[in-house]
Amino acid sequence: MAQEKIGISGTGFYVPEKVLTNADLEKMVDTSDEWILSRTGIKERRIIAPGETVSSMAETAARQALDRAGVAPEDLDLIIMGTITPDELLPSAACLLQARLGNTTAACFDISAACCGFIYALEIGQKLLQGGRYRNALVVAAETLSTITDWEDRDTCVLFGDGAGVAVLSKGTDRGEIIDCYIGADGSHSSLLEIEAGGSLCPITHEVLDQRKQYVRMEGNKVFKLAVASMVSSAKRVLKQAGLTSQDVTWLLPHQANLRIMKAVAKRLHIPVEQVYINVDRYGNMSGATVPIGLAEMDQNGLLKKGDLLLMVSFGGGLTWAASLVRW
Ligand code: COA
């Protein structure tokens, strides 16, 4: 018997109101609009207001997505959250989101796959729905990278922003059908992008805070090269799995870390840059949230037409990588 289709019945997103421009950053660290724009393509990013959290941003995005999908919060069977900045270490941000939505029965859990959080969650959600027990899953990626950024470190602070993106997955929906996913990782590169403190290795102490180990540290140049290679190979792998080629792709939606990375990936996949969705200029790198926010913007702005093939691809700390093909 053919498996029931799993599709994206609704999308939603939220970005905080506060805009932090490159000109603002010039006043905070030794940098320039020219350097940031030419090296990354970023013009501005959004930063949470006091009191805003991953679950509060995700709630706004989720309500929008559920509304568009015509799914009531109580009809959700699964809430899967990709995040590295949960509101608290315990409970999961997925449980906090569930409480905000007033659902009291769904299975809820967070996954830690950094910038690949959304596509990892999509793969897990699709497979669980295919398993037969569940009908609707809320797949979320939300990040407050501003809370783990060292605002005195010009190497990293110009790159990041905050936001949340959501997709509702529903069984038997052929809108936004998930054709296939591919996820992978290589932990031998873990030290290239890390937050040393706050876990079992290095619990928070006054000394640790003085050493600023609670913030993200990254070897940008090495990450850059691995990012291009892993995104290209992930994209090729998922296309091969589905018996398709990059010629079949209508839209490429890459993780929005850096415009140069996205252009290099598109070039290697022979996908014209006009077919690449880009919003890094407005939001910077929001880790796992970049892909679902891009997806929701494309959906809500009518860019995705029936029959279009969307290729989403990401890489991130871990190092993790992930790709997914969706037929609109
Ligand atoms: N403003 C001005 N100068 C800066 C700067 C800033 N904000 N940040 C770094 N520099 C300086 C460096 O100190 C270095 O100076 P030096 O040559 O005198 O030593 C110079 O700019 C070049 O640094 P480099 O690291 O070689 O730049 P780059 O071209 O690799 O660009 C990144 C830096 C971070 C933009 C780029 O490596 C990148 O995007 N990497 C991937 C990051 C990423 O995607 N991370 C998230 C994973 S999801």
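What counts, and at which threshold
Residues numbered from 1 in each chain as written. Predicted model: local features only at pLDDT ≥ 70, side-chain atom pairs only at ≥ 80, totals over all residues. Heavy atoms only, no water. Helix = DSSP H or I, 4+ residues; strand = E, 2+ residues; numbered from the N terminus. Rg over C-alpha atoms; globule rule 2.2 N^0.38 Å. Buried < 20%, exposed > 50% of the residue type's maximum accessible area, 1.4 Å probe, protein only. Contact = heavy atoms within 4.5 Å. Lys, Arg positive; Asp, Glu negative; His and termini not counted. Charge placed at Lys NZ, Arg CZ, Asp CG, Glu CD. 1 Å grid on protein atoms, 1.4 Å probe; cavity = no way out; pocket = protein on both sides within 12 Å on 5 of 7 lines; lining within 4 Å. Points joined across faces, edges and corners; volume = space filled by probe spheres on them. Nonpolar A, V, L, I, M, F, W, Y, C, P; charged D, E, K, R; others polar. Domains from an automatic or database assignment. Buried area = accessible area lost by both parts, 1.4 Å probe. Salt bridge = Lys/Arg side-chain N within 4 Å of Asp/Glu carboxyl O. Polar contact = N/O pair within 3.5 Å; in protein donor to acceptor, adjacent residues only side chain to side chain. Axes fitted to C-alpha atoms, helices over the stretch in contact; angles between N-to-C directions. Parallel < 35°, antiparallel > 145°, perpendicular 65-115°, else oblique. Left-handed = near helix turned anticlockwise from the far one by under 90°. Near = heavy atom within 4 Å. Areas by Shrake-Rupley, 256 points an atom, 1.4 Å probe, with all protein chains shown as cover. Expected span 1.5 Å × (residues − 1). Core = buried A, V, L, I, M, F, W, Y, C linked by side-chain atoms within 4.5 Å.

### Describing the overall build of the protein
Move 1: In terms of helices and strands, the protein carries eleven helices and 13 strands.
Move 2: Rg of the C-alpha trace for the protein: 19 Å, near the compact-globule value of 20 Å for 328 residues, within the 12% margin.
Move 3: For the C-alpha atoms alone, the extent of the protein along its principal axes is close to 60 × 45 × 35 Å.
Move 4: When each of the 328 residues of the protein is scored for burial, the buried share is 56%.
Move 5: For the protein, contacts bridging at least 24 residues in sequence account for 76% of all contacts bridging at least 6.
Move 6: Side-chain charges of the protein comprise 32 positive and 39 negative groups, with the mean position of each set lying 7 Å from the other.

### Section: the layout of surface pockets
Move 1: Of the pockets and cavities examined, the second largest pocket occupies roughly 170 Å³.
Move 2: Taken together, 13 residues form the lining of the second largest pocket, with Asp153, Arg212, Tyr215, Val216 and Arg217 sitting closest to its centre.
Move 3: Counting residues per element, the ones that place at least two in the lining of the second largest pocket are α6 (154–157) and β10 (217–218).
Move 4: Considered class by class, the residues forming the lining of the second largest pocket number three nonpolar, two polar and eight charged.

### Things to note about the domain arrangement of the protein
Move 1: Taken domain by domain, the protein holds domain 1 (6–174) and domain 2 (179–327).
Move 2: Listed as interface residues are 50 residues of domain 1 and, on the opposing side, 48 residues of domain 2.
Move 3: Summed over both sides, the interface between domain 1 and domain 2 buries roughly 3800 Å², with carbon and sulfur atoms accounting for 63% of that surface.
Move 4: In terms of surface lost to domain 2, no three residues of domain 1 exceed Cys115, Ile119 and Tyr120, which account for 17% of the buried area on that side.
Move 5: The tally of links from domain 1 across to domain 2 stands at two salt bridges.
Move 6: A salt bridge links Arg212 to Asp150; the shortest N-O distance between them is 2.9 Å.
Move 7: Counting across the domain 1 and domain 2 interface gives 18 residue pairs in polar contact (both at pLDDT 80 or more).

### Details of the packing of helix α3 (residues 54–69) against helix α4 (residues 93–101)
Move 1: Direction vectors running N to C along α3 and α4 enclose 55°, while the axes themselves pass 9 Å from each other. Regarding the angle of α3 to α4, the classification is oblique. Crossing of α3 over α4 shows right-handed handedness. On α4, the residues touching Val54, Ser55, Ser56, Ala58, Glu59, Ala62, Arg63 and Leu66 of α3 are Ala93, Leu96, Leu97, Arg100 and Leu101.

### Notes on the site of the ligand
Move 1: What surrounds the ligand is a group of 22 residues, the closest being Thr31, Arg39, Cys115, Asn221 and Asn258.
Move 2: A distance of 3.4 Å separates a nitrogen atom of the ligand from a polar side-chain atom of Asp155.
Move 3: Taking 970 Å² as the accessible area of the ligand by itself, protein coverage stands at 73%.
Move 4: Looking at the shell around the ligand, the elements with two or more residues in it are α2 (33–40), α6, α8 (220–241) and α9 (259–268).

### Some details on the pattern of salt bridges
Move 1: Summed over the entire model, instances satisfying the criterion amount to twelve salt bridges.
Move 2: We note a salt bridge from Arg100 to Glu59, for which the minimum N-O separation is 3.3 Å. Taken together, the residues span a long stretch of sequence, with Arg100 in helix α4 and Glu59 in helix α3 at a distance of 41 residues.
Move 3: The salt bridge involving Glu152 is made with Arg212; its shortest N-O contact spans 3.7 Å. One end of the pair, Glu152, is in the loop between β6 (136–144) and α6; the other, Arg212, is in the loop between α7 (206–210) and β10, with 60 residues separating them in the sequence.
Move 4: Owing to a relative accessible area of 31%, Arg212 belongs among the partly exposed residues under this scheme.
Move 5: Within this structure, Glu59, Arg63 and Arg100 form a network of salt bridges that share partners.

### Focus on helix α5 (residues 117–130)
Move 1: For α5, built from 14 residues, the straight-helix expectation of 20 Å at 1.5 Å per residue is met to within 8% by its first-to-last C-alpha distance of 20 Å.
Move 2: Buried residues of α5: Gly117, Phe118, Ile119, Tyr120, Ala121, Leu122, Glu123, Gly125, Gln126 and Leu129, and no others.
Move 3: Of the residues trailing α5, Gly132 is marked for its positive phi of about 105°.

### Things to note about the nonpolar core
Move 1: Core analysis: the biggest nonpolar cluster contains 32 residues, and Phe118, Leu169, Leu253, Leu295, Leu310 and Met312 have the highest contact counts within it.
Move 2: It is α5 that provides the largest number of residues to this core, a total of six residues.
Move 3: Split by domain, this core shows at least three residues from each of two domains, domain 1 (6–174) and domain 2 (179–327).

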